Amino acid sequence: MDWQTIEDQCLKANKFFGQLVGVWPNQEKFTKIIIRFVIFIIIITTITAQISRVVVFYSLEVLSDQMPYLDIGFVILIKQYNYVLNEKKLKGLLNDIVADRLIERPKEELEILDIYSKKATFLSCLYQVSISFCAFMFVLLPTIPPILNVVAPLNESRSREFIYPSYYFVDEQQYYYPILVHMISVAVILTSVYIACDINLVHVVHHGCALLAISGYRFKHAMDNVSFSNEKYLDVLLDETHAKISRSIDAHKKAVEYVDKVDACHVHYFFIILGLIIVTFTSTFVRLSTMEIGVRYFTFCAFTLSQMTHLLFLTIMGQFLINSNDETFQAICEAKWYNGSSKTQSLYLLVLRKCLSPPKLTGGGVISLNLESFVQVLKASFSYYTVFRSA
């Protein structure tokens, strides 16, 4: 297969959504600039409208009501511009996925790449459905009052609903449809940016996991043809075995370097996003505790689940890498290293020692991304919520 075929096969969704929001590295430069500019203007105007509502109608209730939406606006910009500023790094990571497919490999290694590619595709589809469903629920909010006016009419028509609260310094009823169009465009941009950026992360992380698994496979089978009881056999295969182990070490080194590049592309992004997620969860919990049960209440519940899914996807990427490193460690231990020479055994020991300091994803080099950090973020958010509720 050629480069284009593999790119379309493995990164089709990444390319489609990346081009929609201007973060696909190989997209035409002028087109990227136009798309980024339009998105920037739309998001800045919605952030300005939301801040205006807080300033003009300031109260703690208005502030707590607005915070989740404000955070989402900032998250959109951070997600997009993380890949804008790290465009060369992202291009290198995505190109490596295709380039590693073009390398001539044994059937078993190709199967490992296929397994992790399918996992990444499945998780990407699941994430797309989750984010799209939440955005769709918010977009449907303005349609509920007209439907209820027909199904269960009152003495007077119900007031029109907006997708999210904001203040545009105009008569909202007179300019209802232009405002609604702007809000729908924000929802579409939010969905596209979230999907485009996060499925890139899913694919590069799973490719790192695949490279670690391939190195573990090589270590495990490097000594298969060596018998300790046959001295002559050992002498004949010594050079060949040493070459296999050297290739295994090169594969492990490449995997570690690739994961380090993934972390370097996201290290500050993770730190900022985790902080904003804590703020979003806290304000959402506060808002849910003061809302009456109704359509918007259940929409907020779906919004909370969507944010939880977002947080889980970010943290579980780090957990996948930790698990892959543990599996590589186990594969090395299961190899017949004891049949090799002392020189060969020392190479295995060095790699095992390296596995004790695994490559990982971090937030600012401070917070390790794993399932434990997922729980810690939720606990911190709920702790801040109880503080605000008791204040």
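Cut-off values and rules
- Residues numbered from 1 in each chain as written.
- Predicted model: local features only at pLDDT ≥ 70, side-chain atom pairs only at ≥ 80, totals over all residues.
- Heavy atoms only, no water.
- Helix = DSSP H or I, 4+ residues; strand = E, 2+ residues; numbered from the N terminus.
- Contact = heavy atoms within 4.5 Å.
- Axes fitted to C-alpha atoms, helices over the stretch in contact; angles between N-to-C directions.
- Parallel < 35°, antiparallel > 145°, perpendicular 65-115°, else oblique.
- Nonpolar A, V, L, I, M, F, W, Y, C, P; charged D, E, K, R; others polar.
- UniProt positions renumbered as here; feature names shortened; annotations may be inferred.
- Core = buried A, V, L, I, M, F, W, Y, C linked by side-chain atoms within 4.5 Å.
- Buried < 20%, exposed > 50% of the residue type's maximum accessible area, 1.4 Å probe, protein only.
- Polar contact = N/O pair within 3.5 Å; in protein donor to acceptor, adjacent residues only side chain to side chain.
- Salt bridge = Lys/Arg side-chain N within 4 Å of Asp/Glu carboxyl O.
- Phe/Tyr/Trp six-rings, centres within 6.5 Å; stacked < 30°, edge-to-face > 60°.
- Lys NZ or Arg CZ within 6 Å of the ring centre and 35° of its normal.
- Patch = residues over 30% accessible without salt bridge, like charges linked within 9 Å, V, L, I, M, F, W, Y side chains within 5 Å.
- Areas by Shrake-Rupley, 256 points an atom, 1.4 Å probe, with all protein chains shown as cover.

Caption draft 1: Main features of the overall build of the chain. If you tally the helices and strands in the chain, you get twelve helices and two strands. Going from N to C terminus, the chain has its helices and strands arranged as α-α-α-α-α-α-α-α-α-α-α-β-β-α. Relative to all contacts within the chain whose residues are 6 or more apart in sequence, the contacts with residues 24 or more apart total 77%.

Caption draft 2: Local environment of the packing of helix α1 (residues 3–10) against helix α2 (residues 12–21). It is at 4 Å that the axes of α1 and α2 come closest, and there the two elements cross at 80 degrees. Considered as vectors, α1 and α2 are oriented roughly perpendicular to each other. Within the contact between the two elements, α1 uses Q4, E7, D8 and C10 and α2 uses K12, N14 and K15. Class assignment for the residues of the contact of α1 with α2 results in one nonpolar, two polar and four charged.

Caption draft 3: Geometry of unusual backbone geometry. In the Ramachandran plot, F169 falls in the positive-phi region, its phi being about 65 degrees despite a non-glycine side chain. Examined against the element boundaries, F169 turns out to sit in the loop between α7 (144–151) and α8 (176–221).

Caption draft 4: Broad picture of the packing of α2 against helix α3 (residues 29–56). At a minimum axis separation of 7 Å, α2 and α3 run at an interaxial angle of 65 degrees. Considering the angle they form, α2 stands roughly perpendicular to α3. Between α2, through Q19, L20 and V21, and α3, the contact on the second element is made entirely by I35, R36 and I39.

Caption draft 5: Here's a closer look at the UniProt feature "transmembrane region" (unreviewed entry) in the chain. According to UniProt, the positions carrying the feature "transmembrane region" (unreviewed entry) are residues 37–60, 126–154, 175–196, 267–286 and 298–322. In this annotation, residues 175–196 is assigned 95% helix and 0% strand; the end-to-end C-alpha distance for the span is 32 Å. Across residues 267–286 one finds 100% helix and 0% strand; the C-alpha atoms that close the span lie 30 Å apart.

Caption draft 6: Main features of the nonpolar core. Counting 91 residues, the largest nonpolar core has I43, V205, M317 and L361 as the members making the most contacts within it. Ranked by residue count, the leading element in this core is α8, at 22 residues. Those residues in contact with L361 that lie beyond four places of it in its chain are V205, V262, D263, F270, M317, G318, L321, I367, S368 and L369. Judged by nonpolar contacts, the second largest core, of eleven residues, contains F219, A222, I332 and L347.

Caption draft 7: Seen up close, the side chain of T280. Tracing the backbone shows T280 in helix α9 (residues 231–290). Within the structure, the side chain of T280 is placed 2.8 Å from the backbone oxygen of L276, a separation counted as a polar contact.

Caption draft 8: Seen up close, the pattern of salt bridges. One pass over the structure, following the stated rule, counts eleven salt bridges. As a salt-bridge pair, E87 and R36 come within 3.5 Å of each other at their nearest N and O atoms. Separated by 51 residues along the polypeptide, E87 in helix α5 (residues 87–102) and R36 in helix α3 bring together distant segments of the chain.

Caption draft 9: Looking closely at the packing of aromatic side chains. Taken as a whole and judged by the stated rule, the model has eleven aromatic pairs. Each ring, one from F162 and one from Y176, has its centre 5.1 Å from the other, and the planes form 50 degrees; the classification is tilted. Linking F162 in the loop between α7 and α8 with Y176 in helix α8, this pair joins segments that are 14 residues apart in sequence. Take F162: its relative accessible area is 12%, and that puts it in the buried class. Since its relative accessible area comes to 4%, Y176 is described here as buried. The cationic tip of K79 hangs over the ring face of Y194; the distance from NZ or CZ to the ring centre is 4.9 Å. Positioned over the ring face of Y116 is K119, at 4.8 Å from the centre of the ring.

Caption draft 10: A look at a nonpolar patch on the surface. Together, F30, I34, F37, V38, F40, I41 and I44 make up an exposed nonpolar region whose accessible area comes to about 640 Å². Mapped onto the elements, F40 comes out in helix α3.

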